[in-house]
Amino acid sequence: MNDKLKLLEFLNMVGIDVLFFAVLMIAMLPFGIWRQAAFAVMKRNFVGYFSNPTGYVFLCLFVLLTSFAAFWPHEFFTTNLANFDQLNQFLPYIMLIFIPAITMSTWSEERRQGTDELLLTLPAHDFDIVIGKYFAALLVFTVSLLFSQLSNYAVLISMTGGNLDSGLLFSTYLGYWFVGIAMLAVGMVASFLTNNLTVGFIFGVVFNAPLAFFSNADVIVSDSKTVSRLFEWSVLQRFDPFGRGLISLSSVFYFLGIVVIGIYLCLVLIGRRHWQGGKHGTSLLGHFVFRTAFLMIIVIALVLIAQYSPLNKFRMDVSGEKISTLTGNTRDILARLAVEKGRDDRPAAPITIDAYVGSNIPADFVQTQYDLINLLREFDVMGGNRVRVNLHKNVEPFSQEAILAEKRFGIRPVAFSSETRGAVRQQEVILGAAFSSGLNREVIPFFSYGSPIEYELIRSIATVAQPSRLRIGIAKTDVYATGDILTVDTQTFNIPKLGIISELEKQYRVQDVDLSQPLSIWLDETDGVRELEYAVVVVIQPSKMTPVELNNLIAAIQAGQPTVIFEDPLSVQPSLRERVIPTVQPRQLPRGGNKDNPPITELWSKLGIAVSGRKDRTSDAFIPDFVWQRYNPYKRDSTLDLPERIIVNNDEDNLMAADPQISSLHPATRNIRELLFDFASAFTSRPDSPYQVEQLVVARNSGKVAMDAYDRASRTGEARAIDLERGSALPNETMMLVARISSKLKSEDVQPGDVNCIYVSDVDILSDESIAMRDAPVQGGIEYRYENTAFVLNLIESLTTRQEFLDVRSRRQRYLTLRHVEETIRSATEENDNKLQDYEKDYQTKMAAARATARAQIAELEKDVQKMIDSQKAGVEVDIVALEAKQKLLEQRISDEKNNLRRINEEMVNERNEMIRSTRLTAELTIQEIQRGYKLAAVLIPPIPPLVLGLIVFTRRRLREREGISKARRLK
């Protein structure tokens, strides 16, 4: 099946190439009909190039260089992306050699052989000759590019197992084609200036050098503005959209403009015999210089118009994964900001983004860097005149730019440990951005590995552009999520702020809400307009509220206050374990206060839901059940095998019914892929519920167990994993974990005054550990896909009047990687891991045997000593001297055996450490050997097809040359 997929993928790219070549031939068809002289010149030059073995030598060289640049750099395997990013950096310099090799003989060879006079006396216009030769060179370059593309594409297919983004790779080579046709036109100008092939080649390199080297202008020019302007006119910068899967109108105008200028200059040069003037004529040199300058001004103007006008927004994303396409909400926000007015109807203040990206980014941050740069360029284009992006790339940690970034914005290098070629080294990574508009500023000091880049960018832009924020209220309970001071038993503790509160503060104004007094729902009700004082009220563990607070909460919900409720039977995450009191336990009050247990069941009843559990007979407290499940998609993480850890997603292997576990209908959950719950309770809609209860998240193929049964098992020392199959529910039951409770159905609009509440049966998804998992999802070689933090933010935003970031926040760019290489490396790594595990088992076995031997050595003596002591206690006369001697001997033997065990343990630990070091070194060498094999194959195999074709042409040519020669002469 894998081989079939590879073949289909390769045939798909061949089909795309055939279609492109057909379009190119159709575009040239008019010349074959109405410009037959041009067609004849094109055919002569094209056939002549490939009928000569020298042409195939250049073709092999070109394929070899492109393959070498694409796959040989170590960064190719470090980034682990199935694209041609490495080749993109080197291609202008490869073109700087290959293009002059094609164009050097375009006209200089004709002049050297004297055939230029023959061409000029043909019944054809100068335009026919120039355009014919240009099209011949273009076809030669196109064929060379096709060989390179198909060869490199085949190599990528072998590395990925056939899972490729054909659209992205085609657009990349389409960009190479545009770069080539522009440099061909410039190279032809060089050929028209001389009759020497070598000089023509050198002129071609010199004339094309500015296009290639403008991207490195900072090496010579120190002025940043000049460097920026030169970089804007480099082929590498204009090619950039193509490398990201985009076909950009401004880039097409740029390359076609160079082609027009180059062909016009060739027409001027080939027509020198008409305008030079001779001895008695008048030279028209100044006239044609003026016309050429005027043409260049027109082309530059057209390129600038395409770049800075709305035309630049017409960009076609042909990549399969749409990696460069902003979401609809992002584009809507940018479009709104572009037409937004400031005070007195004056233009609103521009939004400036200063982004700093360091050099030598570790492998773990390569995709984050790629995302950031890619999206910043799209924001720069789609933001129009309102959004300006200053992208500082390759910033060294101690450079002037880095110092300025830290001084102005607080963006400083962050230290990370990374392993490269078996060596662990400390690296300082710069990856931050500052957003400014007038006096408003927002800074993201560092984009972590799992940061949703598009959301962070557009949220920061919207924040500085519109400083007025909605207010979010955090109801005061014993959890104290916002970091208040909590007094317990006359001791004062500083409760740190939860990370989720800091996330909310990026988008909202977050305030504490005291529900000991009735909540004022409406801020303004004048002129029939009702404005909420709090866009959403968040309640964490309402079971730890007083009856008065609980009643005020119920009244606020019924009056139309949008509310999100988190109630947890047992919180286990470290950041919450000490601050979240389980549902069954009473509130913790200051000294002298009475502990009470407010009627949480009253809240559930008013919301129209029933939480699974029962009331305790002695304390009348409610004992909830917790949901259990035996699904773990991360087999290498044994902690997820614990039944109380619930992973919900919509994967096929986790669905026991047709319905998904995470709703795709509600805006808060439609883009969420996976969630992790710990000790969540189950609830259902009551038959007499006055409200609509819409399931947002459910756990399928699950059951439930009473919390007190779990507690008893833990206290009595029974096995941690109790027999859950004997729980109070069937193991294939569906448990509701999150639901929206409202007066209206989802399809109906919620009006002011309608009940609009979301109930979540777990608090652990609010933990700092969830945010840490989002920021660093790769741990121990496993990439976790939990989206707890995005889910919580989506829940809150879905209840507000501004729902701009729901789709953006949950979006993840999907990059195709070198899967076959990954699997090969993973197999080699797992083999070494198995060796380590076997050695660890052997270590444990040997240590256990050593302990048993040591125990046996002293057991008999210990038994004799104990027997004498027991006899002495029973009143039997015992030889005290003998007893003391045996006790001393026992102590000595115990000390000796301990020392012996310590020595054996040290020896085995040293042996184990050496084994670990050796195994890791072996694994790294194996990985390097695998990569080296791919590199050699990627460089040596692609040139073979053009080389074989060249040998065939050479053989046929030799055979034809011998056809007209007599046998006798051939023998001589």
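Before reading on, note that the structure itself is shown above.
Residues numbered from 1 in each chain as written. Predicted model: local features only at pLDDT ≥ 70, side-chain atom pairs only at ≥ 80, totals over all residues. Heavy atoms only, no water.

J.: Before we go on, may I ask you to explain the pattern of salt bridges in this structure?
T.: When charged atoms on two side chains of opposite charge get close, those side chains can pair. One pass over the full model with this rule turns up 24 salt bridges. The closest approach of N and O atoms between Lys497 and Glu505, which form a salt bridge, is 3.2 Å. Two residues, Glu929 and Arg932, come together in a salt bridge whose shortest N-O distance is 3.0 Å. You can see Glu929 and its partner Arg932 sitting in helix 29 (residues 880-940), 3 residues apart, about one turn around the helix. The class of Glu929 is partly exposed, set by a relative accessible area of 49%. Assessed through its relative accessible area of 38%, Arg932 is described here as partly exposed. (Salt bridge = Lys/Arg side-chain N within 4 Å of Asp/Glu carboxyl O. Helix = DSSP H or I, 4+ residues; strand = E, 2+ residues; numbered from the N terminus. Buried < 20%, exposed > 50% of the residue type's maximum accessible area, 1.4 Å probe, protein only.)

J.: Looking at this structure, I do not really get the packing of aromatic side chains. What am I missing?
T.: Summed over all chains, the structure comprises 33 aromatic pairs. Arranged with centres 5.2 Å apart and planes meeting at 85°, the rings of Phe71 and Phe76 form a pair that is edge-to-face. Neither residue differs from the other here; Phe71 and Phe76 are each classed as buried. An aromatic cluster is defined as three or more aromatic residues linked by ring pairs; in this entry it consists of Phe20, Phe170, Trp177, Phe178, Trp233, Phe242, Tyr254 and Phe255. Over the ring of Trp233 we find Arg238, and its NZ or CZ is 5.0 Å from the ring centre. (Phe/Tyr/Trp six-rings, centres within 6.5 Å; stacked < 30°, edge-to-face > 60°. Lys NZ or Arg CZ within 6 Å of the ring centre and 35° of its normal.)

J.: Just checking my understanding: could you explain the sheet that holds strand 7 (residues 431-437) for this structure?
T.: Note: strands within a sheet are paired through backbone hydrogen bonds, in either parallel or antiparallel orientation. The strand order across the open sheet built from 4 strands is 4-3-7-8, with neighbouring strands paired in mixed fashion. Strands with a single pairing partner mark the edges of an open sheet, and in this sheet they are strand 4 (387-395) and strand 8 (440-444). Strand-to-strand twist across the sheet, computed as the mean angle between neighbouring axes with direction ignored, equals 10°. Where strand 7 lies against strand 8, 5 bridges are found, and the strand directions are antiparallel. What sits directly across from Ser436, in strand 8, is Arg441. Across the sheet, helix 17 (residues 366-382) touches strand 3 (351-358), strand 4 and strand 7, and the angle it forms with strand 4 is around 150°. (Pairing = 2+ DSSP bridges. Axes fitted to C-alpha atoms, helices over the stretch in contact; angles between N-to-C directions. Contact = heavy atoms within 4.5 Å.)

J.: Would you mind going over the nonpolar core with me for this structure?
T.: One finds Tyr134, Met159 and Trp177 to be the most contacted residues of the largest nonpolar core, which totals 97 residues. Looking at this core, the element that brings in the most residues is helix 8 (residues 126-160), giving 18 residues. Apart from residues lying up to four places away in sequence, Met159 is in contact with Phe71, Phe76, Phe77, Leu818, Arg819, His820, Val821, Tyr934 and Ala938. Judged by nonpolar contacts, the second largest core, of 83 residues, contains Ala481, Val536, Ile662 and Val760. (Core = buried A, V, L, I, M, F, W, Y, C linked by side-chain atoms within 4.5 Å.)

J.: Which parts of the structure should I look at to understand the pairing of strand 16 (residues 563-566)?
T.: For a regular strand, side-chain orientation follows a simple rule: the groups alternate between the two sheet faces. Of the two faces of strand 16, the one lined by Thr563 and Ile565 and the one lined by Val564 and Phe566 are each fully buried. The sheet contact formed by strand 15 (residues 536-540) and strand 16 spans 4 bridges and is parallel. The partner of Ile540 across the bridge, within strand 16, is Phe566. The β-α-β motif built from strand 15, the intervening helix 21 (residues 547-558) and the parallel element strand 16 has right-handed crossover chirality. Bridging between strand 16 and strand 25 (residues 756-760) involves 4 bridges; their strand directions are parallel. Bridging across to strand 25, Thr563 finds its partner in Cys757. (Right-handed = clockwise from strand over helix to strand, strands pointing away.)

J.: Just to check I follow, could you spell out the pairing of strand 25 for this structure?
T.: For strand 25, the buried fraction is high: 5 of the 5 residues fall into the buried class. Neither face of strand 25 is open: one carries Asn756, Ile758 and Val760, the other Cys757 and Tyr759, and all of them are buried. Relative to strand 25, strand 24 (residues 733-742) runs antiparallel, the two being bridged by 5 bridges. Following the sheet pairing, Ile741 is matched in strand 25 by Cys757.

J.: I tried to follow helix 25 (residues 768-775) on my own but got confused; where do I start?
T.: What sets the pattern is the α-helix's 3.6 residues per turn: residues three or four places apart point alike. Along helix 25, the residues classified as buried are Ser770, Ile771, Met773 and Arg774. What you see down the axis of helix 25 is that its buried residues fit within an arc of 160°, all on one side. Contact partners of the buried residues in helix 25: helix 20 (499-505), strand 26 (778-779) and helix 26 (788-798). (Arc of directions from axis to C-beta.)

J.: I keep staring at the packing of helix 17 against helix 19 (residues 453-465) and nothing clicks. Help me out?
T.: Angle between the axes and distance between the axes are the two parameters that describe a pair of packed helices. Between helix 17 and helix 19, the shortest axis-to-axis distance is 9 Å and the interhelical angle comes to 40°. Overall, the two elements helix 17 and helix 19 adopt an arrangement that is oblique. The hand of the helix 17/helix 19 crossing is right-handed. Along its contact with helix 17, which presents Thr368, Asp371, Leu372, Leu375, Leu376 and Phe379, the element helix 19 presents Ile453, Glu454, Leu457, Ile458 and Ile461. Partitioning the contact of helix 17 with helix 19 into residue classes produces 8 nonpolar, 1 polar and 2 charged. (Parallel < 35°, antiparallel > 145°, perpendicular 65-115°, else oblique. Left-handed = near helix turned anticlockwise from the far one by under 90°. Nonpolar A, V, L, I, M, F, W, Y, C, P; charged D, E, K, R; others polar.)

J.: Hey, could you run me through the environment of Thr115 in this one?
T.: Position of Thr115 relative to the elements: it lies in the loop between helix 6 (108-113) and helix 7 (116-120). Setting aside its immediate chain neighbours within four residues, Thr115 contacts Arg44 and Glu110.

J.: What's the story with the packing of helix 21 against helix 23 (residues 600-607) in this structure? I'm lost.
T.: The contact between helix 21 and helix 23 brings their axes to 10 Å, and the two run at 10°. The orientation of helix 21 with respect to helix 23, classified from their angle, is roughly parallel. On helix 23, the residues that touch Leu550, Leu553, Ile554, Ile557 and Gln558 of helix 21 are Ile600, Glu602, Leu603, Lys606 and Leu607. Residue composition of the contact of helix 21 with helix 23, by class: 7 nonpolar, 1 polar and 2 charged.

J.: Explain a nonpolar patch on the surface here, please?
T.: Together, Phe68, Trp72, Leu936, Leu940, Ile941, Ile944, Val948, Leu949 and Ile952 line one region of the surface with nonpolar side chains, adding up to about 790 Å² of accessible area. Only helix 29 and helix 30 (944-963) provide two or more residues apiece to the nonpolar patch. The element that contributes the greatest number of residues to the nonpolar patch is helix 30, accounting for 4 residues. Along the chain, Trp72 turns up in the loop between helix 3 (53-71) and helix 4 (74-79). According to the relative accessible area criterion, Trp72 is partly exposed, its value standing at 32%. (Patch = residues over 30% accessible without salt bridge, like charges linked within 9 Å, V, L, I, M, F, W, Y side chains within 5 Å. Areas by Shrake-Rupley, 256 points an atom, 1.4 Å probe, with all protein chains shown as cover.)

Bear in mind that shape data such as this cannot, by itself, settle questions of function.
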